[in-house]
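Each chain, written out:
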Amino acid sequence: MDTTISYQRLWELFKKNFFLLIISALVLAAAAYAGSKFLIHPKYQSTAALLVNRSSNTDPNAALGNQQADIQIIYTYRDLATRPVILDQVARNLRNRYPDITSNGLTKMVTVSSVQNSQIFSISARSNDPVESRDIANMTADVFKTKAVQVMGKSISNVSIVSRGLRANTPVSPNVRLCTLAGFLLGGFIAVLFVLIKEMSDNTYRDLAFLEQLKLNSLGTVNYASFHKGRTK
C-alpha cells in the first residue's frame, strides 16, 4: 500500500475533486456572509478628539523635562477618561435618553487612544446604535473637559475639544468582506483536508512493486478503455 503522495498524484487529486473544493468553499463563504450580515448585530463607532495643555514652565532648563512629562502624562489622561469618576457622570447625564445605560456598560463601550508625542487623544464609543455611540463619545469628552481640571488640579491648564463625534452611517463591525473571505478559505481548507485524509486511508494497491514485496505473483492486468464506460454487457 502506497502511503506517500507525490506531487503528480496530488495534482491529480485536486483536478479530480476540483468541484468539491469550489462547492465547499462557496458554501462556507455564503454561510459566513449570511451570519455576519444578518445574525451579528452591527457595531457603530463615533470618536471625539481632545487637546490637553499642561501648565507651562517658563524655565528653559526644564524644557526637556517638560517634554518627557508630557509624553508620560498622556497615559494618565487616557486612564482617567475611562475611570468611574468620568463614566459615572456620563451615565447620569445620558440616563434620560438611554435609561438602561450604566457606568459598567460604558467601560465596555468607551475606548481611548492617542498618538505618541502628542497631547491630542481620542475618545471612541462603540454601540449598536450610531446615535448612541455619538452621544456617548461627545458626552464623555464634555465630562472629561470639566472633570479633568478638577481632578488633576494645577497640572492641567486647559482642556479643549478639537473635534466632536459624528453619527456613523457605516458599521465598523462585523467586517462582512473579511468574514466571507475567511469562510471561503476555511471551506477550501476543509475540502482539501477531506480529500487528503480520504486518499491516505485508501488501501488500494496501485503498483506491482507492492505485490513483489508481499511475495505474490501478478496474474495479469486489466486495462480500462473509456468506450467501455456505461456498457452493461
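Residues numbered from 1 in each chain as written. Predicted model: local features only at pLDDT ≥ 70, side-chain atom pairs only at ≥ 80, totals over all residues. Heavy atoms only, no water.

Undergrad: Explain the packing of helix α4 (residues 84-94) against helix α6 (residues 130-152) here, please?
TA: Helix-helix packing is described using two parameters, namely the angle between the two axes and the distance between the axes. Two elements in contact, α4 and α6, have axes separated by 9 Å at closest approach and are oriented at 130 degrees. In this view, α4 runs oblique relative to α6, as classed from their interaxial angle. Classified by chirality, the crossing of α6 by α4 is right-handed. Of the residues in α6, those in contact with V85, I86, L87, Q89, V90, N93 and L94 of α4 are D135, I136, M139, T140, V143, F144, K147 and V151. (Axes fitted to C-alpha atoms, helices over the stretch in contact; angles between N-to-C directions. Helix = DSSP H or I, 4+ residues; strand = E, 2+ residues; numbered from the N terminus. Parallel < 35°, antiparallel > 145°, perpendicular 65-115°, else oblique. Left-handed = near helix turned anticlockwise from the far one by under 90°. Contact = heavy atoms within 4.5 Å.)

Undergrad: Even after reading the chapter, I still don't get the environment of V115, so can you show me in this structure?
TA: Mapped onto the fold, V115 is located in the loop between β2 (110-114) and β3 (120-127). Given the relative accessible area of 58%, V115 is considered exposed. On a C-alpha basis, the gap between V115 and I74 in space is 9.5 Å, while along the polypeptide they are 41 residues apart. (Buried < 20%, exposed > 50% of the residue type's maximum accessible area, 1.4 Å probe, protein only.)

Undergrad: What's the story with a nonpolar patch on the surface in this structure? I'm lost.
TA: Taken together, the side chains of L26, L178, L181, F184 and L185 define a hydrophobic patch exposed on the protein surface, amounting to about 490 Å² of accessible area. At 4 residues, helix α7 (residues 176-200) tops the list of elements feeding residues into the nonpolar patch. Assignment of secondary structure puts L181 in helix α7. (Patch = residues over 30% accessible without salt bridge, like charges linked within 9 Å, V, L, I, M, F, W, Y side chains within 5 Å. Areas by Shrake-Rupley, 256 points an atom, 1.4 Å probe, with all protein chains shown as cover. Salt bridge = Lys/Arg side-chain N within 4 Å of Asp/Glu carboxyl O.)

Undergrad: Just to check I follow, could you spell out the nonpolar core for this structure?
TA: Generally speaking, a soluble globular protein has its nonpolar side chains buried in company with each other. With 30 residues, the main nonpolar core has L106, F121, I136 and F144 as its most contacted residues. When contributions to this core are tallied by element, the ones reaching two or more residues are β1 (44-54), α3 (63-81), α4, α5 (103-109), β2, β3 and α6. If one sorts the elements of this core by residue count, α6 sits on top with 7 residues. Residues contacting F121, with those up to four places away along its chain left out, are A48, A49, L50, V52, I74, Y77, A81, V112, S113, S114 and F144. (Core = buried A, V, L, I, M, F, W, Y, C linked by side-chain atoms within 4.5 Å.)

Undergrad: Sorry if this is basic, but what is going on with the environment of T111 here?
TA: Counting through the fold element by element, T111 comes out in strand β2. Residues T111 and S122 lie 11 residues apart in sequence; the distance between their C-alpha atoms is 8.3 Å. If we ignore the near neighbours within four places in the chain, the residues touching T111 are S122, I123 and S124.

Undergrad: Help me understand α7, please; the structure alone is not making it clear to me.
TA: Within an α-helix, residues lying three or four positions from one another point in the same direction, as the helix has 3.6 residues per turn. Between its first and last C-alpha, α7 extends 36 Å over 25 residues, near the 36 Å set by a 1.5 Å rise per residue. Every buried residue of α7 is listed here: G183, G187, G188, A191, V195 and E199. Structurally, α7 contributes buried residues whose contacts are with α1 (7-16) and α2 (18-39). Between the side-chain oxygen of the N-cap and the backbone nitrogen of R177 there are 3.3 Å, and the N-cap of α7 in question is N175. (Expected span 1.5 Å × (residues − 1). Polar contact = N/O pair within 3.5 Å; in protein donor to acceptor, adjacent residues only side chain to side chain.)

Undergrad: Honestly, the packing of aromatic side chains in this entry has me stumped. Any pointers?
TA: Both the distance between ring centres and the angle between the ring planes are used here to describe each pair of aromatic rings. Scanning the model with the defined rule gives 3 aromatic pairs in all. Ring centres of F121 and F144 lie 5.3 Å apart, and the angle between their planes is 85 degrees; this geometry places the pair in the edge-to-face category. You can see F121 sitting in strand β3 and its partner F144 sitting in helix α6, a full 23 residues away along the chain. A relative accessible area of 0% places F121 in the buried class. Since its relative accessible area comes to 0%, F144 is described here as buried. Three or more aromatic residues joined by ring pairs form one cluster here, namely Y77, F121 and F144. (Phe/Tyr/Trp six-rings, centres within 6.5 Å; stacked < 30°, edge-to-face > 60°.)

Undergrad: Explanation requested: the pattern of salt bridges in the structure shown.
TA: Pairs can form between side chains of opposite charge whenever their charged atoms are close. Going through the model one piece at a time under the given rule, you end up with 5 salt bridges. The partner of K15 in a salt bridge is E12, with the nearest N and O atoms 3.6 Å apart. Placement of the pair is K15 and E12 together in helix α1, with a separation of 3 residues, close to one helical turn. Note on E12: relative accessible area 39%, which makes it partly exposed. The shortest N-O distance in the salt bridge between D135 and R97 comes to 3.6 Å. In this pair, D135 sits in helix α6 while R97 sits in the loop between α4 and α5, placing the two residues 38 residues apart along the sequence. When its relative accessible area of 9% is taken as the criterion, D135 is described as buried.

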